[in-house]
Amino acid sequence: MASNKPAPEAVSPFSAGAYGGAERSPGEWNPTEDTIRPVRGRHRVAKQRGLARSSTVLGVGVIAAVGAGGIATAQDKAPVSISLPDSIADNLPDAKSLPGVGAFMADDESTDPVAAAPLTTAGLTAAEAESGTDAGEALRARILQQAEQQQANADAEARAAAEKAAAEKAAAEAEKQQDEAEKQAAAKKKAAEEAAKKKAEEERLAKLAASFSLPTFSYTITSTYGQSGAMWSSGQHTGLDFAGSAGAPLKAVHSGTITSAGYSGSYGYRTVLQLEDGTEIWYAHQSSIEVSVGQKVTTGQTIGRMGDSGNVTGVHLHLEVRTAGGSAMDPMAWLNSKGLRV
């Protein structure tokens, strides 16, 4: 190993006695064979030191910067010597005085952090260290395990999202089906109610029809209620005209009492039948009357004959329906309300 002492200073060729001659002035120099002979050993290359303290400092600094995990397998590589010339090595600071490095240079091996925690086992569990697991492989296995766990978590989240979407879709479909079922049920219920109502009305009308009767059975409707014309004194027709043959029987539409029977001006021979609710039925233009005032009649009983008495243009029955107060109403609508079809 080279000495750390500084090399002796070279003698200037201008100094006195440099080559054994007398002292010369700076401007005088006569080179001779002795003075120009190359100096041997003055510029030799300093011997290279082995793994010097400076290399230790630099190596430990690199280890501290890189981290134990990154060079866990450095034990398998051959050591590299770092040598410096003596002139540089002597001027380097003491490695133990460097911040954060002195701990690695402790003389006591028991306190050496590198010896206490060798890089080849950095990051290993006790079980892994005992089994001889390589630190690099252990790190690789943990990275793979972490990646697999992250992928598993992502897959689980994707499955959960898909299940949630499927559940929401199923719930929406179920709600839609329920709404449709409710609508169908409501429609069926409404149809059933309407059918029941219609049936009840038909039964009611059938029952009424059994107790009501048309005033004549062989007829043709020639004038309806509310028609306008000069042939009626009020300007409008106040009844319903059934045209037929003279002498055809006229029937009581319902049971009641005869309140008027006789000749009545333009109505000709007229009979008034009052029902129990006060409704009056007028039969006009008869050829004859077969009942008298105060007489009780039943449904379908003959009360007179069809004729052309009064203000008429032909044989027919002029039928009027009036309320208890005397107001006229449409005879066809009234008959229909009793289950009779005119």
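Note that the coordinates shown come from a computational prediction; the quantities given were computed from them, not determined experimentally.

So, how was this worked out
- Residues numbered from 1 in each chain as written.
- Predicted model: local features only at pLDDT ≥ 70, side-chain atom pairs only at ≥ 80, totals over all residues.
- Heavy atoms only, no water.
- Helix = DSSP H or I, 4+ residues; strand = E, 2+ residues; numbered from the N terminus.
- Expected span 1.5 Å × (residues − 1).
- Buried < 20%, exposed > 50% of the residue type's maximum accessible area, 1.4 Å probe, protein only.
- Polar contact = N/O pair within 3.5 Å; in protein donor to acceptor, adjacent residues only side chain to side chain.
- Contact = heavy atoms within 4.5 Å.
- Salt bridge = Lys/Arg side-chain N within 4 Å of Asp/Glu carboxyl O.
- Patch = residues over 30% accessible without salt bridge, like charges linked within 9 Å, V, L, I, M, F, W, Y side chains within 5 Å.
- Areas by Shrake-Rupley, 256 points an atom, 1.4 Å probe, with all protein chains shown as cover.
- Lys, Arg positive; Asp, Glu negative; His and termini not counted.
- Charge placed at Lys NZ, Arg CZ, Asp CG, Glu CD.

Asks: Even after reading the chapter, I still don't get helix α5 (residues 135-211), so can you show me in this structure?
Replies: Because an α-helix packs 3.6 residues into every turn, residues spaced three or four apart end up facing the same way. Relative to the 114 Å expected for 77 residues at 1.5 Å per residue, α5 spans 111 Å between its end C-alpha atoms, a close match to the ideal helical length. Taken residue by residue, α5 has Ala135, Ala138, Leu205 and Leu208 as its buried positions.

Asks: Looking at this structure, how should I read the side chain of Lys251?
Replies: Structurally, the position occupied by Lys251 is in strand β3 (residues 249-251). Within polar-contact distance, the side chain of Lys251 engages the side chain of Thr302 at 2.8 Å. If sequence neighbours within four positions are ignored, Lys251 has contacts with Ser213, Leu214, Pro215, Phe217, Tyr283, Gly300, Gln301, Thr302 and Ile303.

Asks: In this structure, what is going on with the pattern of salt bridges? I would like to understand it.
Replies: Charged atoms that come close allow side chains of opposite charge to pair. Evaluation of the coordinates by the stated rule reveals four salt bridges. The partner of Glu201 in a salt bridge is Arg204, and the shortest N-O contact between them spans 2.5 Å. With Glu201 and Arg204 both in helix α5, this residue pair falls three residues apart, about one helical turn. Exposure remark for Glu201: the relative accessible area of 33% places this residue in the partly exposed category. Of the residues examined, Arg204 reaches a relative accessible area of 39% and is grouped as partly exposed.

Asks: Please explain a negative patch on the surface as it appears in this structure.
Replies: A surface patch of negative charge is lined by Glu175, Asp179, Glu180 and Glu182. Tracing the chain through its elements places Glu180 in helix α5. Here Glu180 falls in the partly exposed class, since its relative accessible area comes to 42%.

Spatial relationships are all this shows, so hold off on functional conclusions.
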